[in-house]
Amino acid sequence: MTAISLGIGASHSTLMNTHWDKVVHTERAEAFRESLEHINRRLRDIQPDIAVIIGSNHFRGFWLDLIPSFTMGVGDVIASGESGTPKGPQKTDPVFAQQLATHLVEAGSEVAISARLQIDHGQSHAIQYLLDGIDIPVVPLVVNVFAQPLPTIERCAALGRRLAEAIEANADGRKVVVIASGGLSHQLPWPSDWSQPQDDDEEFMVDAWLNGRGEWERYDKRRREIIVAAQPCIFEEFDVQFLADLEAGDLEKYTKLTTAELEKIAGNGGQELRTWLVMAAALGFAPGTSLGYSPMPEWLTGMGAAVIEPAGGKS
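Summarised in this report is the structure supplied together with it. (Residues numbered from 1 in each chain as written. Predicted model: local features only at pLDDT ≥ 70, side-chain atom pairs only at ≥ 80, totals over all residues. Heavy atoms only, no water.)

Some thoughts on the layout of surface pockets
A probe as big as a water molecule, rolled over the atoms, marks out the empty space that is left.
Now for step 1: Of the voids in this model, the largest pocket is the one considered here, and its volume is about 160 Å³.
Now for step 2: Lining the largest pocket are G61, F62, L66, P68, T71, A112, I113, S114, R116, L117, Q118 and R213.
Now for step 3: Considering every element that reaches the lining of the largest pocket, the biggest residue donor is strand β5 (residues 112-119), with six residues.
Now for step 4: Split by residue class, the lining of the largest pocket holds six nonpolar, four polar and two charged. (1 Å grid on protein atoms, 1.4 Å probe; cavity = no way out; pocket = protein on both sides within 12 Å on 5 of 7 lines; lining within 4 Å. Points joined across faces, edges and corners; volume = space filled by probe spheres on them. Helix = DSSP H or I, 4+ residues; strand = E, 2+ residues; numbered from the N terminus. Nonpolar A, V, L, I, M, F, W, Y, C, P; charged D, E, K, R; others polar.)

Below you can see the structure in the form of structure tokens.
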């Protein structure tokens, strides 16, 4: 039996925390929150020992001075706590995390390591909602999905396959859940090319990305204003098809897309779907179960949640 007890994909948005009172599509919002609660109940039933959380970082722990394609937290994990998300040190298992990182590197998937990794809502949103009341160590695996050039989607799938092998080799009977945080489609008000900002807002964003290390809070107010003022751009047809393909066990075809192709059909925020594809590859691209889809213009994002069983069963 595989050491992975469940694969999970779930969208994240800090606007869930800060702008719930601005929601117009209340039923959609409540349906998405219920899907997160469903996963939380499922995890309470499983009683996992460790959660590997694959997510992005929105320039609060990584900066343009150095952004690896993949980074694993193997020591302290500190949540930045922006917008009502968890803040401070998180429970970890450094020995297990280091074993995973070593296995991945030796298998040919080079991951950077961090002995003091700052995560943001790209991972802490999952801790807040999916792991609520579940006191287990987390192993963060951060994928660069914002600062181009991005890792190819095929490389992300290869990482997922090797992650499954690493977990199998090192779990020692412990139950591990693999959580992908991010997506679905959305368009962020960020420069498409960080080296060529087009206006004052984009210049500000690039300055924050380059000089925010250790003081991201200094940039956060205006950055938040830029994001909240953005016009929603959600690709609903894409999102529905992506979740249908997840249910059919047909996500592997997305690994053939280029970065430009994915952005065209899912927006620049859709690059976060790399995290889902790492998770799905770790589950052998088995058929899964969509727990619902809520296009949320108030949160700028197509919000979805799904699970994949190791044996491909429904949940």
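Quick word on empty space enclosed by the protein
Now for step 1: Under the definition given, this model contains five cavities of 30 Å³ or more.
Now for step 2: If you add up the space inside the largest cavity, you get close to 260 Å³.
Now for step 3: Lining the largest cavity are 19 residues, with T14, H58, H121, L188 and I227 sitting closest to its centre.
Now for step 4: Element by element, the count of residues in the lining of the largest cavity is highest for helix α7 (residues 217-228), at four residues.
Now for step 5: Its residues assigned to classes, the lining of the largest cavity comprises seven nonpolar, seven polar and five charged.
Now for step 6: Its volume calculated, the second largest cavity comes out at about 140 Å³.
Now for step 7: Lining the second largest cavity are 14 residues, with F146, Q148, P191, S192 and N268 positioned closest to its centre.
Now for step 8: Of the residues in the lining of the second largest cavity, the class split is eight nonpolar, four polar and two charged.

A short note on the side chain of S185
Now for step 1: Within the element layout of this structure, S185 appears in the loop between β7 (176-181) and α6 (200-211).
Now for step 2: One polar contact links the side chain of S185 to the main-chain amide nitrogen of F235, over a distance of 2.8 Å.
Now for step 3: Setting aside anything within four residues of it in sequence, one finds S185 in contact with I234, F235, F238, D239, A266, G270, L300, T301 and G302. (Polar contact = N/O pair within 3.5 Å; in protein donor to acceptor, adjacent residues only side chain to side chain. Contact = heavy atoms within 4.5 Å.)

Considering the packing of aromatic side chains
Now for step 1: For the structure shown, the criterion picks out ten aromatic pairs.
Now for step 2: Between W20 and W299, the ring centres sit 5.5 Å apart and the planes meet at 40°, which makes this aromatic pair tilted. Here W20, found in the loop between α1 (15-18) and α2 (26-46), pairs with W299, found in the loop between β8 (288-296) and β9 (301-308); they are 279 residues apart in sequence, far enough to count as distant.
Now for step 3: The partly exposed category is assigned to W20, whose relative accessible area is 24%.
Now for step 4: The class of W299 is buried, set by a relative accessible area of 1%.
Now for step 5: Ring geometry for F242 and Y254: centres 5.0 Å apart, planes at 70°, overall edge-to-face. Taken together, the residues F242 in helix α8 (residues 236-248) and Y254 in the loop between α8 and α9 (259-266) connect sequence positions twelve residues apart.
Now for step 6: Owing to a relative accessible area of 8%, Y254 belongs among the buried residues under this scheme.
Now for step 7: Here the aromatic residues F59, F146, W190 and W209 are joined through ring pairs into a cluster of three or more.
Now for step 8: Sitting over the ring of W20, R33 keeps its end group 3.9 Å from the ring centre.
Now for step 9: Taking NZ or CZ as reference, R60 lies 5.1 Å from the ring centre of W216, over its face. (Phe/Tyr/Trp six-rings, centres within 6.5 Å; stacked < 30°, edge-to-face > 60°. Buried < 20%, exposed > 50% of the residue type's maximum accessible area, 1.4 Å probe, protein only. Lys NZ or Arg CZ within 6 Å of the ring centre and 35° of its normal.)

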